[in-house]
Amino acid sequence: MDNTSTRMELDVFGVSSGKNVHYKEDENFYKIYKRNFVVKNAIDTIAKRFSNSNFFDLDKDNSALLDKIKEPNSFQSREEFLKDFSINILASGYSMIWKKYKSFGMFDSLELIVIPTDTDITSFGKKTITTTIEGNEETIKIEDVIIFYDTQRQPDTLRGISRLLPLKSQIDNINDAQRAKNIQIHNSGTTIVSPKAAQQGNNMDEGLDKPIMNIPIVSPVPGQNAGSKTKTQKEEMEDRLNFRGMENRIIVSSKGVDAKNLSAELNSMNFSEKIEADILAIYAAYGVPVELTPYGKNATFDNKEVAENSLIESEVQPLNNSLTESLNGEFEGSGNIYGNYDHLSSVSKTKNEIHKTRQDIANTYRELFKDGVIDREEARKQLELNGML
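Engineer: Describe the packing of aromatic side chains, and please don't skip the residues or the numbers.
Structural biologist: Counted under the stated rule, the structure contains eight aromatic pairs. Between Phe50 and Phe85 the ring centres are 6.0 Å apart and the planes differ by 25 degrees, which places this aromatic pair in the stacked class. One end of the pair, Phe50, is in helix α2 (residues 37–50); the other, Phe85, is in helix α4 (residues 78–92), with 35 residues separating them in the sequence. Neither Phe50 nor Phe85 differs from the other in exposure class; each is buried. Measuring from centroid to centroid gives 5.5 Å for Phe107 and Phe331, while their planes differ by 75 degrees, and the two rings are edge-to-face. Here Phe107 is found in the loop between β4 (94–101) and β5 (110–115), whereas its partner Phe331 is found in the loop between α9 (301–330) and β14 (337–340), with 224 residues between them in sequence. Given a relative accessible area of 6%, Phe331 falls into the buried group. Taken together, Phe50, Phe85 and Phe148 form an aromatic cluster joined through their ring pairs. The ring of Phe107 carries Lys68 above its face, with NZ or CZ at 5.6 Å from the centroid.

In structure tokens form, the structure reads like this:
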């Protein structure tokens, strides 16, 4: 018996009682990233900042590994490589880097290439990965690949677990709302007409179907008489009205009718408001503060900077650490690289404020010690508690 979680759901296409609330683990999450604007925006928000890393070597001014991360391969810049890496790991839950040596064992000939996690073009064998890179099909030994995981690895495959796995309902709702809105916009300007109910004084022919002239029919055979057709008052009115630049937009009824414009309710639907909670759930899954989204209604310059710094601390820097620590371990002896974002204004401003606060605290305890309010041991203890010793 299938115990997959389901829910009863009413959408623009009818009632469904069998919708899964989560994706299957073998879903192509990279394709979802490409096709859903909210998922793409959330991931790109992180990837754009991640690619702005400043790298350096912790042990020396320069190293072979530092040079490699700055020029990872022959067809991507450092920024493109980092975006590619981060988009794959955030969308699919894992990212893979191919260690491609042009000359085996020669570090200078090494290229670091991100293998797509798009399962339409990438598949796993027992000992190899088959994929397409730069238009060329490649079969790569798994031993030549470094695999990174966002949260954790799936138990029965090398693939990771995507953050999108439990968000199927939210993504479906967003997609359905987009389709419904497109239908409404497509029908904008369309009017449905139906016969008006007969009322006293409104049950007579308005006379518009009465023939008013005969129009000769042009025969396809020259010189042959093809007869004529009658033209009604209704047809004459339509011809004259549509002739004034309103082609096929005006129809004259010969009877009393009721009309309803299909776009009349468009502004009252508020599709964006209906799916706002679903959209924010996706941003929350990626740790993107609301101030950095289109829904940050109360966002200011200051709290955007705080939000930016929060995102870098919670999502961007840990991902950077994962990349550099793995590369340091994989290519031991080629360098000890580290990346950070201290050059960004939001980060440097926050660090300067923390430094100033710590200086103020240190000065306060120095004055308390001078005035005899606290002894040397107490001053030292407080400075240690505030992380200054």
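After that view of the structure, there is still more to cover.
Engineer: So what about the sheet that holds strand β9 (residues 145–149)? Which residues, and what values?
Structural biologist: Sheet architecture is open: three strands sit in the order β5-β4-β9, paired in antiparallel fashion. Each edge of the open sheet carries a strand with a single partner, namely β5 and β9. Taken pair by pair, the neighbouring strands of this sheet meet at an average axis angle of 25 degrees, ignoring direction. Of the pairings in the sheet, the one linking β4 to β5 comprises six bridges and is antiparallel in character. Residue pairing across strands places Trp98 opposite Ile113, the latter belonging to β5. Across the sheet, α4 touches β4, β5 and β9, and the angle it forms with β4 is around 140 degrees.

Engineer: A description of the packing of α2 against α4 should follow, citing residues and the corresponding values.
Structural biologist: The interhelical angle for the contact between α2 and α4, taken along N-to-C directions, is 145 degrees, at an axis separation of 9 Å. In this structure, the crossing between α2 and α4 has a hand that is right-handed. Listed contacts from α4 to Ile43, Asp44, Ile46, Ala47, Lys48 and Phe50 of α2 are Leu82, Lys83, Phe85, Ser86, Ile87, Leu90 and Ala91. Here the residues of the contact of α2 with α4 are counted per class, giving nine nonpolar, one polar and three charged.

Engineer: So what's going on with the pattern of salt bridges? Which residues, and what values?
Structural biologist: In total, this model carries 10 salt bridges according to the counting rule given. One salt bridge in this structure joins Lys40 and Asp44, with 2.7 Å as the shortest N-O distance. With Lys40 and Asp44 both in helix α2, this residue pair falls four residues apart, about one helical turn. Asp44 gets classed as partly exposed once you look at its relative accessible area, which sits at 22%.

About the cut-offs
- Residues numbered from 1 in each chain as written.
- Predicted model: local features only at pLDDT ≥ 70, side-chain atom pairs only at ≥ 80, totals over all residues.
- Heavy atoms only, no water.
- Phe/Tyr/Trp six-rings, centres within 6.5 Å; stacked < 30°, edge-to-face > 60°.
- Helix = DSSP H or I, 4+ residues; strand = E, 2+ residues; numbered from the N terminus.
- Buried < 20%, exposed > 50% of the residue type's maximum accessible area, 1.4 Å probe, protein only.
- Lys NZ or Arg CZ within 6 Å of the ring centre and 35° of its normal.
- Pairing = 2+ DSSP bridges.
- Axes fitted to C-alpha atoms, helices over the stretch in contact; angles between N-to-C directions.
- Contact = heavy atoms within 4.5 Å.
- Left-handed = near helix turned anticlockwise from the far one by under 90°.
- Nonpolar A, V, L, I, M, F, W, Y, C, P; charged D, E, K, R; others polar.
- Salt bridge = Lys/Arg side-chain N within 4 Å of Asp/Glu carboxyl O.

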